[in-house]
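Residues per chain are reported as follows:
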Amino acid sequence: MIPGFLAMRVVAMRYFKHDITPWVIKALFAGGIYTMGKHLWQTMGPFAEKHLLTSVSVTNLDPLYDHVSKWVSTNVGTKSTKHFSARTYNGRGENSRNGEEDVDSDESENITTPEKTTRSQVHFLPVKGGRQYFWHRGCLFRFKNEVTGMSAQSAHLNEETLTVSCFGRNPEHLRLFLDECVQFSGPDTSKTTRIHFLQKTPRTFNGEMSWCKTIVRPARSLATVDLNEKAKESVVAEIADYLSDRSPPYYAQRGIPHRRGYLLYGPPGTGKTSFANALAANFKLDMYVIQILGTMMDDETLMSAFEQLPKRCIVLLEDIDSAGIQREDMKDNKTTKRKNTFLTLSGVLNAIDGASSPEGRLLIMTSNTPESLDAALIRPGRIDRQVYFGHVDRKVASSIFIRMFAKSAEDLHRAQDGPLILIDNDGENVKLRQAARLFAESIPEDEITPAELQNFLLQHKNMTDAVANVGAWALAICEAKKAGANIVEDPLDAAPAKRNRHAVDDDEADSDSDSLFP
Ligand SMILES: Nc1ncnc2c1ncn2[C@@H]1O[C@H](COP(=O)(O)OP(=O)(O)OP(=O)(O)O)[C@@H](O)[C@H]1O
């Protein structure tokens, strides 16, 4: 008997003149059936799932994860569930994931396409652990979204798994569905490079750092980085050989640790980081960036960062000299507190090639003043090759100009790893080539960095204007550098008196440009 039933029955009889007994019996019966069904489902569920469903699982380490979740969030969306997790995608078919951001890059190829858009969209997915059912091409599908563990790439990132199941035994339905997800996702995400940064781990309070920040950038082509062609080709060939399947056994047989290191050195803004990015894109490797300066990095953190690296990747140690790891500090192995670093020479060397540092990775260090680095840091075995990045010469100036003003990607033919070559499709490109020659002739050789030139061209997007003003601008830059000034005023923005100083150059440039662009 249900406790209090008699009292309730009496009250119902008195006030409603109604006997509730049959209703209570019906409710008890329904409850019994529900409990029995639930129990049956719990015991039979795994059996039914195994025999009635065909499933496929994808973890968030695979690009397919993004394609599937994007399809589901767009096409199934809010129809059959009330609790969601939200995530953002931008219009290029890239996405944000766990600690991962999309960024627009000023380093993307300079030829823009109209379909590139930076607008972010918010999409809904079922909460983690949630399920969603939907029909696709006449088949009932189930979508499950679960946290399944810690990511192997970073001990602090969750590994999430999407399981898509379809009722029936035919895996063809799933294959068609996954194909559609990939198509739906739009531009190929392999045209992006993932760049990982060290960050204080959000879930710990001791300030421990791990690779928990990731950004996705448009893949940079090697052809858009100006560097001595022979040097570029041979570096690319060496890395291709190092990453090939025959390389690990070759190193192992000879008892050599399977590691390779490069030092890219030269003045700031000459393309060292860009080249590292382009190498990562070319070899489809993730890049792991360690910025020592300003991060209070110590030996332990650096060691742990290296230990967390995946087997195949590029590690970029940025501006290793400016981080305060310099010869005099390292000689007696003192801890250096200069410039906020707490690193010792042995700490850095251990991290780079100690017993616990993974093999198979490619190390790239960049430096503006390599002469200040300790010989131990860049000895062969740690750094196998040094590559110089310098100021622009006429060839590079012309190449940057053409890249900036070419109207479309089709106008530029890309040799495998070589420079971009302008195709003379029509008269326009002949003009562009001539303008590039004039532009390059107005620039003093080996004085100006590619970054400075690129910046000038971003501010002078009109070709005639760029050719006409580059001479005066270059002169101003060179004068400022000689005087040790950091601020360089654009001669066009300067007072008239100052502009007159370069009147001759302006006039010459004007006459050149006039002949080109009537
Ligand atoms: N050699 C180059 N070829 C093409 N673009 C270049 C080159 N050098 C510089 N740039 C452009 O200049 C900007 C800065 O380049 P980057 O960051 O690669 O220089 P860096 O040498 O790494 O500088 P830093 O030493 O200050 O880190 C980028 O936008 C890049 O596109």
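Scroll up to find the structure.
Residues numbered from 1 in each chain as written. Predicted model: local features only at pLDDT ≥ 70, side-chain atom pairs only at ≥ 80, totals over all residues. Heavy atoms only, no water.

As for the overall build of the chain
Now for step 1: The number of helices and strands found in the chain is 16 helices and 16 strands.
Now for step 2: Taken across its 518 residues, the chain has 46% of its residues classed as buried.
Now for step 3: For the chain, the share of sequence-separated contacts (at least 6 apart) that also reach a separation of at least 24 residues comes to 69%.
Now for step 4: Carbon and sulfur atoms make up 56% of the accessible area of the chain, which amounts to about 27000 Å² in all. (Helix = DSSP H or I, 4+ residues; strand = E, 2+ residues; numbered from the N terminus. Buried < 20%, exposed > 50% of the residue type's maximum accessible area, 1.4 Å probe, protein only. Contact = heavy atoms within 4.5 Å. Areas by Shrake-Rupley, 256 points an atom, 1.4 Å probe, with all protein chains shown as cover.)

Description of helix α7 (residues 272-282)
Now for step 1: Where burial is concerned, most of α7 is hidden: nine out of the 11 residues are buried.
Now for step 2: Of all the positions in α7, only Lys272, Ser274, Phe275, Ala276, Asn277, Ala278, Leu279, Ala280 and Ala281 are classed as buried.

Brief notes about unusual backbone geometry
Now for step 1: Positive phi is not limited to glycine here, since Lys17 has a value of about 55 degrees.
Now for step 2: Positionally, Lys17 belongs in the loop between α1 (5-16) and α2 (21-52).
Now for step 3: Residue Lys17 is classed as exposed on the basis of its relative accessible area, which comes to 67%.
Now for step 4: Here Arg137, not a glycine, exhibits a phi torsion of approximately 45 degrees, which is positive.
Now for step 5: Here Arg137 is to be found in the loop between β5 (131-136) and β6 (139-150).
Now for step 6: Taking relative accessible area as the criterion, Arg137 reaches 59% and is therefore assigned exposed.

Here we look at the packing of helix α11 (residues 394-405) against helix α13 (residues 450-459)
Now for step 1: Packing of α11 against α13 leaves a shortest axis separation of 10 Å and a crossing angle of 35 degrees. When you trace α11 past α13, the crossing you get is right-handed. Taken together, the residues of α13 that come into contact with α11 (itself represented by Ala397, Ile400, Phe401, Met404 and Phe405) are Pro450, Leu453, Gln454, Leu457 and Leu458.
Now for step 2: Here the residues of the contact of α11 with α13 sort into nine nonpolar, one polar and no charged. (Axes fitted to C-alpha atoms, helices over the stretch in contact; angles between N-to-C directions. Left-handed = near helix turned anticlockwise from the far one by under 90°. Nonpolar A, V, L, I, M, F, W, Y, C, P; charged D, E, K, R; others polar.)

Overview of α13
Now for step 1: Inspection of α13 places Pro450, Leu453, Phe456 and Leu457 among the buried residues, and these make up the whole buried set. The arc that holds the buried residues of α13, viewed along the axis, is 125 degrees, so those residues lie on one side. (Arc of directions from axis to C-beta.)

Some points on the packing of aromatic side chains
Now for step 1: Following the criterion strictly, the structure yields 14 aromatic pairs and no others.
Now for step 2: With 5.6 Å between their ring centres and 45 degrees between their planes, Trp71 and Phe134 make a pair best called tilted. With Trp71 in helix α3 (residues 63-75) and Phe134 in strand β5, the pair connects residues that are 63 residues apart, well separated along the chain.
Now for step 3: What makes Phe134 buried here is its relative accessible area of 6%.
Now for step 4: Judged by centre distance (5.6 Å) and plane angle (10 degrees), the ring pair of Phe134 and Phe141 falls under stacked.
Now for step 5: These aromatic residues form a ring-pair network of at least three members: Phe401, Phe405, Phe439, Phe456 and Trp473.
Now for step 6: One residue, Lys26, lies across the ring of Trp23, its end atom 4.7 Å from the ring centre.
Now for step 7: A cation over an aromatic ring shows up here: Arg254 above the ring of Tyr250, its NZ or CZ 3.7 Å from the ring centre. (Phe/Tyr/Trp six-rings, centres within 6.5 Å; stacked < 30°, edge-to-face > 60°. Lys NZ or Arg CZ within 6 Å of the ring centre and 35° of its normal.)

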